[in-house]
Structures are given as structure tokens and as C-alpha cells.
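Descriptive analysis of the structure
Each chain, written out:
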Amino acid sequence: MQSQIANTTIIEQNRHGTVDAHHEAHPDHRLFGLVVFLIAEGMIFMGMFGAYLAFRSTLPVWPPEGTPELELLLPGVNTINLIASSFVMHNADTAIKKNDEKGMRTWLAITALMGAIFLVGQVYEYTHLEFGLTTNLFASAFYVLTGFHGLHVTIGVLAILAVLWRSRTPGHYSNEHHFGIEAAELYWHFVDVIWIILFGLIYLL
């Protein structure tokens, strides 16, 4: 009987050792996968920015004559809001690394709210523009670029809300396990950087 118990103990130790070795042999590549995904998305945006610059450089007048001038106040406020939200999102990551779950949830909620405000501002701008999608080449490029970015902001807000929802379980995120927050933060910074480039090209250049 004691021999059977000893054999069982050895088998369990070997099994756990095999599992541990298996985990060590297969490190977590989720963050790497996310970075590759963002690089791919960045290439799509860079292609669209390149097309926009090509349109601008080949046409004698840009925007085409008769195109109403874009207002800067609302997009400028939206830009400040989005840039500030990146710092707020970083506070959520900093909080969980200190095991401050309440602070993490607070910062996540504020970031999601700021992202929603950005989207509301963009929709408001759309409804008050004096040109439509098919008015001219500039209008088409404007809606495609800002709309595609708006889609990414929407996905970012949903991702943050998903992380916030999962954090309702105490201990789900901690200073040792917080990939979901890091992933959402990295994606949100990506959205922010893309908007800064887009804003400069369309509204300022």
C-alpha cells in the first residue's frame, strides 16, 4: 500500500514537472501578436495617408474649389480629449501594478467615457458638415479616413469596457496578471497616434 502511494506521489511530481516544463517551453506571445496586428493596421493607415498625399500633390487645387472650409474648434477639442485619454488609460495600468483595483476601474471608466465623447463629437461634426461623401475627392478621403479611425476608436472603447467588465471579479487582474489592461492600453495609444497624424494631414496641412 505504501509502495502504491509512493508511486502515485512520484507520478504526480513527474506530471507537474512536465506541465511546468511545458509552460516554460511555450512563453506567452500574446503581446507580440498584438504588436504584429497593430503594425499591420498601421500599414493600412499609412497606405491611406499616402493615397491622400498623392491626391493632394497631383491636383492643382486642394481641397477642390467650392469645398467648405473645415472648422478647427471641435476637432481640436476632440484631439486634446483623445490625447489626454491616453494618459488616463496609462493611470489604469499603473494602478493595477500597485494592486489598486478600484483605481484601475475608475481610470478605465474615465477612459471609456472620453473615447465615447470623442465619437459623439465626430458624429456631431459629420451632421454639420456642408459636404457629403460623394461631393468631391477631398470629401471622400475625409470621410474614409476619419470614419475608419472612428471605427478603431469604437473598437477601443468596447475593448476597454470588456476589460472593465472582467475586472468586476476581485483578483481577476493583479500586479502579476494584467495582460488585458496592457493590451487595451497599447491599442488605445495606437489609436491616439494615428489620430494625431490624421488631424495634422486633414485639418492643419
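Quantities reported herein were computed from a predicted structural model and do not represent experimental measurements. (Residues numbered from 1 in each chain as written. Predicted model: local features only at pLDDT ≥ 70, side-chain atom pairs only at ≥ 80, totals over all residues. Heavy atoms only, no water.)

Structural notes on the environment of Ser167
As for its position among the elements, Ser167 is in the loop between helix H5 (137-166) and helix H6 (179-204). Judged by relative accessible area, Ser167 falls into the buried class, the value being 1%. Considered as a pair, Ser167 and Gly180 are 13 residues apart in the sequence and their alpha carbons are 9.7 Å apart. (Helix = DSSP H or I, 4+ residues; strand = E, 2+ residues; numbered from the N terminus. Buried < 20%, exposed > 50% of the residue type's maximum accessible area, 1.4 Å probe, protein only.)

A closer look at the packing of helix H4 (residues 101-128) against H6
Each pair of packed helices gets described by two things: the angle between the helix axes and the distance between those axes. Where H4 contacts H6, the two axes come as close as 13 Å, and the packing angle between them is 30°. What the angle tells us is that H4 and H6 run roughly parallel. Crossing handedness for the pair H4 and H6: left-handed. The segment H4 lies against H6, with Met104, Thr111, Gly115, Phe118, Gln122 and Glu125 engaging Ile181, Trp188, Trp195 and Tyr203. (Axes fitted to C-alpha atoms, helices over the stretch in contact; angles between N-to-C directions. Parallel < 35°, antiparallel > 145°, perpendicular 65-115°, else oblique. Left-handed = near helix turned anticlockwise from the far one by under 90°. Contact = heavy atoms within 4.5 Å.)

Side note on the UniProt feature "transmembrane region" (unreviewed entry) in the protein chain
Taking the numbering used here, the UniProt-annotated feature "transmembrane region" (unreviewed entry) corresponds to residues 31-52, 72-92, 104-121, 141-165 and 186-204. For the annotated span residues 104-121, helix accounts for 100% and strand for 0% of the residues, and the straight-line distance between the end C-alpha atoms is 26 Å. (UniProt positions renumbered as here; feature names shortened; annotations may be inferred.)

Observations regarding the packing of aromatic side chains
To describe a pair of aromatic rings, one takes the distance between the centres and the angle between the planes. The tally for this structure, following the rule as stated, stands at 18 aromatic pairs. Both rings, one in Tyr52 and one in Trp62, keep their centres 5.5 Å apart while their planes meet at 80°; by these two values the pair is edge-to-face. Here Tyr52 is found in helix H2 (residues 30-58), whereas its partner Trp62 is found in the loop between H2 and helix H3 (73-96), with ten residues between them in sequence. Taking the relative accessible area as the measure of exposure, Tyr52 reaches 2% and is therefore buried. Trp62 gets classed as buried once you look at its relative accessible area, which sits at 14%. Ring geometry for Phe199 versus Tyr203: centroids 5.1 Å apart, planes at 25°, classification stacked. Of the two residues, Phe199 and Tyr203 both sit in helix H6, four residues apart, roughly one turn of that helix. When its relative accessible area of 11% is taken as the criterion, Phe199 is described as buried. (Phe/Tyr/Trp six-rings, centres within 6.5 Å; stacked < 30°, edge-to-face > 60°.)

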